[in-house]
Amino acid sequence: MKEFLGENYVHCGEVVQLPLDFVKQLCLKVQSERPESRCDKDLDTLSGYALCLPNLARLQTYHFAEHRPILCVEIKPKCGFIPFSSDVTHEMKHKVCRYCMHQHLKVATGKWKQISKYCPLDLYSGNKQRMHFALKSLLQEAQNNLKIFKVQMLDLLDIEGLYPLYRRVERYLEEFPEERKTLQIDGPYDEAFYQKLLDLSTEDDGTVAFALTKVQQYRVAMTAKDCSIMIALSPCLQDTRSDQRPIVPSSRSRFTFSVSVLDLDLKPYESIPHQYKLDGKIVNYYSKTLHAKDAAVMPTRFKESEDCTLVLHKV
């Protein structure tokens, strides 16, 4: 992921061994601090290994005494584009982004209490009003997203076009299971792996090689879509020399900052069938709720506000 996101922003960390007793005690200690919605997920208390990373809530760019307070914001912006693939079978997916559709399903299943007005397309729009509305919506209903990278180049097919290619690779592996290592399904994710990802050809020649390249590109794209960005900010004095560290000016003061990208473990190959089923579930549920609104004769303005492709949303 360093190759895509930049060496200065990605911290690989170090694998360290931990006493199993320590991990169990840690689980018990943090359990009461965790949000209720996250309590169904547990730390792995049996592996005995963990990833040691720097404290990303502090300024990473330069080593200097931090005498002033630091504010750290974590953003999880999600996928910021509408799929344009011809493999998309639901017209709705060309108008409403995955995040906004998924909101309806998550509220229906009790994951969240209310639908967030945040839309990734607003954040990526470049329009100040829409970007301000996106950030304001995150503050009002943070959910798990007040946690930015456009990776459409690696996700040209959408999951609907990708799934048949996944099945092609699966059939090959069923016949030749010993090839799993050669195909680098489980790594190593090295320079050779990265070079294969740069093949952006869309002409399917029917080979396993083409299918595998698209599957691996999709895994990387999914990883980037789900990453988190940590932005640490600290006010600096007016006489601070700006050539020593990155500075962002604001209307009243200046801030020094550092940016780090995390949650970059490559999405598992085995998760693709789940993604395919989830995509269908999200679109079908959203279409069903939209039809229910139509049946209730909702005003046209309300129906239009559901469309993520609008230039401006009502603020």
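So, here is what we can say about the structure in this document. (Residues numbered from 1 in each chain as written. Predicted model: local features only at pLDDT ≥ 70, side-chain atom pairs only at ≥ 80, totals over all residues. Heavy atoms only, no water.)

Comments concerning the nonpolar core
Link 1 in the chain: In this structure, Val96, Cys97, Cys100, Met101 and Cys308 are the most contacted members of the largest nonpolar core, which totals 20 residues.
Link 2 in the chain: Broken down by element, this core gets its largest block of residues, five residues, from helix α9 (residues 272-295).
Link 3 in the chain: Apart from residues no more than four positions distant in its own chain, Cys100 is found in contact with Tyr118, Cys119 and Cys308.
Link 4 in the chain: Formed by 17 residues, the second largest nonpolar core is a distinct cluster that contains Tyr166, Val169, Val215 and Ile272. (Core = buried A, V, L, I, M, F, W, Y, C linked by side-chain atoms within 4.5 Å. Buried < 20%, exposed > 50% of the residue type's maximum accessible area, 1.4 Å probe, protein only. Helix = DSSP H or I, 4+ residues; strand = E, 2+ residues; numbered from the N terminus. Contact = heavy atoms within 4.5 Å.)

A closer look at the packing of aromatic side chains
Link 1 in the chain: Throughout the structure, instances matching the rule amount to seven aromatic pairs.
Link 2 in the chain: Aromatic pair Tyr163 and Tyr276: ring centres 4.1 Å apart, planes at 5 degrees, arrangement stacked. You can see Tyr163 sitting in helix α6 (residues 158-175) and its partner Tyr276 sitting in helix α9, a full 113 residues away along the chain.
Link 3 in the chain: Geometrically, the ring pair formed by Tyr189 and Phe193 is edge-to-face, given 4.9 Å between the ring centres and 65 degrees between the ring planes.
Link 4 in the chain: For Tyr189, a relative accessible area of 41% translates into the label partly exposed.
Link 5 in the chain: Here the aromatic residues Tyr163, Tyr166, Tyr269 and Tyr276 are joined through ring pairs into a cluster of three or more.
Link 6 in the chain: Here Lys111 stacks its cationic end above the ring of Trp112, 5.6 Å away from the centre of that ring. (Phe/Tyr/Trp six-rings, centres within 6.5 Å; stacked < 30°, edge-to-face > 60°. Lys NZ or Arg CZ within 6 Å of the ring centre and 35° of its normal.)

Some details on the side chain of Arg219
Link 1 in the chain: Relative to the helices and strands, Arg219 is located in helix α8 (residues 208-225).
Link 2 in the chain: Although Arg219 is buried, it forms no salt bridge, and the closest oppositely charged side chain is Asp186 at an N-O distance of 5.9 Å.
Link 3 in the chain: Engagement of the side chain of Arg219 in a polar contact is seen with the side chain of Gln216, the distance being 2.8 Å.
Link 4 in the chain: Those residues in contact with Arg219 that lie beyond four places of it in its chain are Ile185, Tyr189, Leu266, Lys267, Pro268 and Tyr269. (Lys, Arg positive; Asp, Glu negative; His and termini not counted. Salt bridge = Lys/Arg side-chain N within 4 Å of Asp/Glu carboxyl O. Polar contact = N/O pair within 3.5 Å; in protein donor to acceptor, adjacent residues only side chain to side chain.)

As for the side chain of Ser137
Link 1 in the chain: Mapping Ser137 onto the fold places it in helix α5 (residues 128-140).
Link 2 in the chain: From its side chain, Ser137 meets the backbone oxygen of Phe133 in a polar contact 2.8 Å long.
Link 3 in the chain: In this structure Ser137 touches Ser116, Lys117 and Tyr118, once residues within four positions along its chain are discounted.

So, the environment of Met131
Link 1 in the chain: Mapped onto the secondary structure, Met131 falls in helix α5.
Link 2 in the chain: In the structure, Met131 is positioned 10 residues away from Leu121 in sequence and 8.8 Å away in space, judged by C-alpha atoms.
Link 3 in the chain: Discounting chain neighbours no more than four positions away, the residues touching Met131 are Asp122, Leu123, Ser125 and Gly126.

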